[in-house]
Amino acid sequence: AQSVTQPDIHITVSEGASLELRCNYSYGATPYLFWYVQSPGQGLQLLLKYFSGDTLVQGIKGFEAEFKRSQSSFNLRKPSVHWSDAAEYFCAVGLTGTASKLTFGTGTRLQVTL
Amino acid sequence: NAGVTQTPKFQVLKTGQSMTLQCAQDMNHNSMYWYRQDPGMGLRLIYYSASEGTTDKGEVPNGYNVSRLNKREFSLRLESAAPSQTSVYFCASSGYSNQPQHFGDGTRLSIL
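Residues numbered from 1 in each chain as written. Chains lettered and ligands numbered in written order. Predicted model: local features only at pLDDT ≥ 70, side-chain atom pairs only at ≥ 80, totals over all residues. Heavy atoms only, no water.

Novice: What exactly am I supposed to notice about the overall build of chain B here?
Specialist: Across its full length, chain B holds 0 helices and 11 strands. In chain B, the succession of helices and strands from N to C terminus is β-β-β-β-β-β-β-β-β-β-β. In terms of overall dimensions, chain B has C-alpha extents of about 40 × 25 × 25 Å along its principal axes. Classification of the 112 residues of chain B by burial places 48% in the buried group. (Helix = DSSP H or I, 4+ residues; strand = E, 2+ residues; numbered from the N terminus. Buried < 20%, exposed > 50% of the residue type's maximum accessible area, 1.4 Å probe, protein only.)

This is how it looks when you write it as structure tokens:
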């Protein structure tokens, strides 16, 4: 079965600083990979997805992520964080051929200081 | 442009009571899902419905039942609520199997 690890429970960055959130997965083949963001009291919003092809994917709100097969990682990055980016971020993995059954990481809570 | 709508948004139950959480999507999606979210555990899949007329167990199905009423609606039922089922419940839907899931805003359920 697939699994997802987000090693950082909580991260604090200053507004304008760069950001990298880590995600490692365990799966035998190339999975479908997703990053979602959750603002307090809200549902999850898709930031970006990787299915195949170019390993650097661009998402909404200026986020990008890079799939590295050799490291089984799919880290999320943003060059300059805005205060409105404060939220909880979830990495998720789906089985190849179907995104139906997603396994989520435990999430990373991002705090942005002004 | 509602997307995925969940009702109710908040609910408090007593142990042993029953409750049905409702979910409807207006995106003509084939697949629908129910998750629960608990602190420090991310989202865990309870049940899903790959298409109208089918349902399957996810990671944590015990204590729950589901009904895929039609293509739009997918309900989650707690027959005899237990305090361990206190959680935030999310419904999601997706089009075809290689498409991302879209989430509702959640139902916050407390069981006393």
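Novice: Would you mind showing me how to read the packing of aromatic side chains here?
Specialist: We describe a pair of aromatic rings using the distance from one ring centre to the other and the angle between the two ring planes. All told, the structure shown has 15 aromatic pairs over all chains when counted by the stated rule. Considering the side-chain rings of Phe104 of chain A and Tyr35 of chain B, the 5.5 Å spacing of their centres and the 90° angle between planes classify their relative orientation as edge-to-face. Note that Phe104 of chain A is positioned in strand E11 (residues 102-104) and Tyr35 of chain B in strand E4 (residues 31-37), a pairing that runs across two chains. Neither residue differs from the other here; Phe104 of chain A and Tyr35 of chain B are each classed as buried. Ring geometry for Tyr64 of chain B against Tyr89 of chain B: centres 5.9 Å apart, planes inclined by 65°, an arrangement best described as edge-to-face. In this pair, Tyr64 of chain B sits in strand E7 (residues 64-68) while Tyr89 of chain B sits in strand E9 (residues 87-94), placing the two residues 25 residues apart along the sequence. The two residues Tyr64 of chain B and Tyr89 of chain B agree in class, both being buried. (Phe/Tyr/Trp six-rings, centres within 6.5 Å; stacked < 30°, edge-to-face > 60°.)

Novice: I tried to follow the interface of chain A and chain B on my own but got confused; where do I start?
Specialist: Interfaces are frequently sized by the accessible area removed from exposure as the parts join. Counting residues at the interface gives 21 residues for chain A and 21 residues for chain B. In total, about 1,600 Å² of surface goes out of reach between chain A and chain B, with carbon and sulfur atoms giving 56% of it. Where chain A touches chain B, the interface holds 0 salt bridges. Applying the counting criterion to the chain A and chain B interface returns 3 residue pairs in polar contact (both at pLDDT 80 or more). Elements that contribute at least two residues to the side of chain A that touches chain B include exactly strand E5 (32-38), strand E6 (44-50) and E11 of chain A. In terms of residue count, the dominant contributor to the side of chain A that touches chain B is E5 of chain A (4 residues). In the side of chain A that touches chain B, the residues fall into 10 nonpolar, 9 polar and 2 charged. (Contact = heavy atoms within 4.5 Å. Buried area = accessible area lost by both parts, 1.4 Å probe. Salt bridge = Lys/Arg side-chain N within 4 Å of Asp/Glu carboxyl O. Polar contact = N/O pair within 3.5 Å; in protein donor to acceptor, adjacent residues only side chain to side chain. Nonpolar A, V, L, I, M, F, W, Y, C, P; charged D, E, K, R; others polar.)

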